[in-house]
Amino acid sequence: MGTDVVVVGASVAGCTAALLYGRAGLTVTVLEKARDASAFKGLCGHFVLGGTEAMLRRTGLWDLMVGAGAVAGGIERWTGTGWATPPPDAPEAISLRRERLDPLLRAVAADTPGVEIVYGAAVDGLLTGGGRVTGVRTRDGREFRGRLVVGADGYRSTVAGLAGAAVDTAPNNRFGMWAYYKGLPGASTRIWMLEPDVAITIRTDDDLTMLVAFPHKDRLPQFRADRATALESFVAALPDAPDLSGGERVSPVIGMTDYPCVRRDPTPAPGLVLVGDAALAGDPQPAVGCGWAFRAAEWLAAETVPVLRGDRRESRALAAYRRRLRFIVAHDRLARKAALAGPPDAVQRFLFRAAGGDPAVARRLYLLSMRAVPVGDVVNPWFLGRAALAVRRAPA
């Protein structure tokens, strides 16, 4: 006997999908390899861009995150043309450290009728029958069957590997290092596009500020020699840098030295679908991972709940899910190009100039950076024409 849905992975995408399936009246078993609900993903920037705000509010997760201490607001951005501030009424980003976010999401999912989370359940096999995936097997020999299996087990997805999901990998010429600081007066959420390096400061819960460096890999020796000193020197050299003199670093400096961009076939076998980082793990610099996980989980549930109720064919639902993911894939193509850490191309420089002279252009570019609009809202003749007009009208 099984459940309607077996979800592998009790993190952002897995818990979000589980609670939405449960709210739809379905039964869900979530398998998590960690042994307790307080486990969390440490190697994560946990910043959720404004394009996800509406989804978080629809599901009630926004208020729960704020109640847990999350900090919401806009993002100031520095480029070679100076500072750009958030336009009025733009959607807000939100930040809550994973050590609070992950247990919160598990609690919400577990409290949803029909949802059960099983801890200490590391999956190492797929169950099949009738030409489809029918469940999973764990290392200790337990079997969990469901009408739909959801792989939400992250960047190195075991489920995707077992299914032989097609993989598209692209290089990343930056690396990332970050740490948390307390007592930084006037700290705000900002991003510096330094060509080729990128720096970010993120205000988050417990009055902490996350300092993040995404330098070109040419600077790896400096960070390997002394991560903390290199990070602070990197931040101190920024234009309008935050004042670190009165701050205290309250965490180790952690990060990754190589993080290729990965896209997988999200529907690798009948009865099996991938979501979150298992389906797409892009460049971490734009801070899109958590937001994509939340949004893709909502899209997946919206398309497959009718299948599990007997009101829709599975093939049509999974094709619709793939179409929804095109929004993410289009943004990921731009991010992959940026991850090569080359100088801005002519179109980017042109748009930066146009944004300085036309508030409507600036707003659209901001919404694009927050992943709140599709790429086609910027890459189209009308918008590029308006940008060209703004550049022509700008003072010499």
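See the structure shown above.
The notes below deal with the structure included here. Just so we're clear, the structure is a prediction, and the values are computed from it rather than from any experiment.

For the rest of this paragraph, the subject is the overall build of the protein chain. Each helix and strand in the protein chain was counted, giving 12 helices and 21 strands. Over its C-alpha trace the protein chain gives a radius of gyration of 22 Å, about what one expects of a compact globule, namely 21 Å for 396 residues. Overall, the protein chain is about 70 × 50 × 40 Å in size when its C-alpha atoms are taken along their principal axes. Residues classed as buried in the protein chain amount to 54% of the 396 residues present. Across the protein chain, contacts joining residues at least 24 apart in sequence account for 72% of those joining residues at least 6 apart. Counting only carbon and sulfur atoms, one obtains 52% of the accessible surface of the protein chain, whose full area is about 16900 Å².

Bringing the state of the cysteines into the picture now. A complete count under the given rule lists 0 disulfides for this structure. Just so you know, Cys15 is unpaired, no disulfide at all, and the nearest cysteine sulfur is the one on Cys290, 12 Å from it. On the basis of relative accessible area, Cys15 is assigned to the buried category, the value being 0%. The thiol of Cys290 is not disulfide-bonded; the next cysteine sulfur, from Cys44, is found 3.7 Å away.

If you trace the 3 strands from one edge of the open sheet to the other, you get 3-7-4, paired in antiparallel fashion. Looking at the sheet topology across the chains shown, the edges are occupied by strand 3 (47–48) and strand 4 (71–73). In this sheet, strand 7 (residues 93–95) lies alongside strand 3 in antiparallel orientation, the contact comprising 2 bridges. Bridge pairing in strand 7 places Val48 opposite Ile94.

Spatial ordering of the open sheet is given by 12-19-21, a layout of 3 strands whose pairing is antiparallel. The sheet terminates laterally at strand 12 (167–170) and strand 21 (280–281), the two strands that pair on one side only. Pairing analysis gives 2 bridges linking strand 19 (residues 261–264) to strand 21, with the strands arranged antiparallel. Residue pairing in the sheet places Arg263 in a bridge with Leu280 of strand 21. Set on the sheet, helix 9 (residues 314–339) makes contact with strand 12, strand 19 and strand 21; between it and strand 19 the angle comes to about 155°.

Criteria and cut-off values
Residues numbered from 1 in each chain as written. Predicted model: local features only at pLDDT ≥ 70, side-chain atom pairs only at ≥ 80, totals over all residues. Heavy atoms only, no water. Helix = DSSP H or I, 4+ residues; strand = E, 2+ residues; numbered from the N terminus. Rg over C-alpha atoms; globule rule 2.2 N^0.38 Å. Buried < 20%, exposed > 50% of the residue type's maximum accessible area, 1.4 Å probe, protein only. Contact = heavy atoms within 4.5 Å. Areas by Shrake-Rupley, 256 points an atom, 1.4 Å probe, with all protein chains shown as cover. Disulfide = S-S within 2.5 Å. Pairing = 2+ DSSP bridges. Axes fitted to C-alpha atoms, helices over the stretch in contact; angles between N-to-C directions.

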